[in-house]
Amino acid sequence: MSIKTIVIVVVAILLTIVLMQNTDEVYFKFLFATFRVSKLMMMLVVAVTGFILGLIVAWPKKQKFDIEGYHDAMHKKDDTDTLSDEDREYIS
């Protein structure tokens, strides 16, 4: 077994123990309503919601960066006259 597999198994076991220790019901207020929900269910809902939000935030964005356009804008490719005044005097 690899270290990664062992760590995943240990974390899963610890998470299961924590969840099973918190099965009693509690009152949960959401806006104007009050619910009786088990701690286990609330912990699972919060964990899944956090996981989904983490995926959404960390989702890689497909960006197309136009390096040629950036380079052309920086160096003014359309401007064919790139000689300085000193260069023009030297050539003349």
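Residues numbered from 1 in each chain as written. Predicted model: local features only at pLDDT ≥ 70, side-chain atom pairs only at ≥ 80, totals over all residues. Heavy atoms only, no water.

Moving on to the overall build of the chain. Within the chain, the secondary structure is distributed over 4 helices and 2 strands. For the chain, the succession of helices and strands along the chain, N to C, is α-β-β-α-α-α. Scored against the burial criterion, the 92 residues of the chain give a buried share of 4%. Of the roughly 9,100 Å² of accessible surface on the chain, a fraction of 67% belongs to carbon and sulfur atoms. (Helix = DSSP H or I, 4+ residues; strand = E, 2+ residues; numbered from the N terminus. Buried < 20%, exposed > 50% of the residue type's maximum accessible area, 1.4 Å probe, protein only. Areas by Shrake-Rupley, 256 points an atom, 1.4 Å probe, with all protein chains shown as cover.)

So, about the UniProt feature "transmembrane region" (unreviewed entry) in the chain. When the UniProt feature table is mapped onto this chain, "transmembrane region" (unreviewed entry) is found at residues 40-59. This span, residues 40-59, is 95% helix and 0% strand, and a straight line between its end C-alpha atoms measures 28 Å. (UniProt positions renumbered as here; feature names shortened; annotations may be inferred.)

This next bit is on unusual backbone geometry. Its identity as a non-glycine residue notwithstanding, Leu31 has a phi of 55°, on the positive side. Mapped onto the secondary structure, Leu31 falls in the loop between β1 (25-30) and β2 (33-38).

Strand residues, when the strand is regular, have side chains that alternate between the two faces of the sheet. Inspection of the sheet shows β1 paired to β2 by 6 bridges, in the antiparallel sense. Bridging across to β2, Tyr27 finds its partner in Arg36. Linkage of β1 to β2, two consecutive antiparallel strands, is achieved through a turn of 2 residues, within which Leu31 is found at a positive phi near 55°. (Pairing = 2+ DSSP bridges.)

So, about the pattern of salt bridges. One pass over the full model with this rule turns up 3 salt bridges. Notably, a salt bridge pairs Asp24 with Lys39, separated by 3.8 Å at the nearest N-O pair. Separated by 15 residues along the polypeptide, Asp24 in the loop between α1 (3-21) and β1 and Lys39 in helix α2 (residues 39-58) bring together distant segments of the chain. For Asp24, a relative accessible area of 40% puts it in the partly exposed group. In this structure, Arg36 and Glu25 form a salt bridge, with 2.8 Å as the shortest nitrogen-oxygen distance. Residue Arg36 is found in strand β2, and its partner Glu25 is found in strand β1; the two are separated by 11 residues along the sequence. For Glu25, a relative accessible area of 48% puts it in the partly exposed group. (Salt bridge = Lys/Arg side-chain N within 4 Å of Asp/Glu carboxyl O.)

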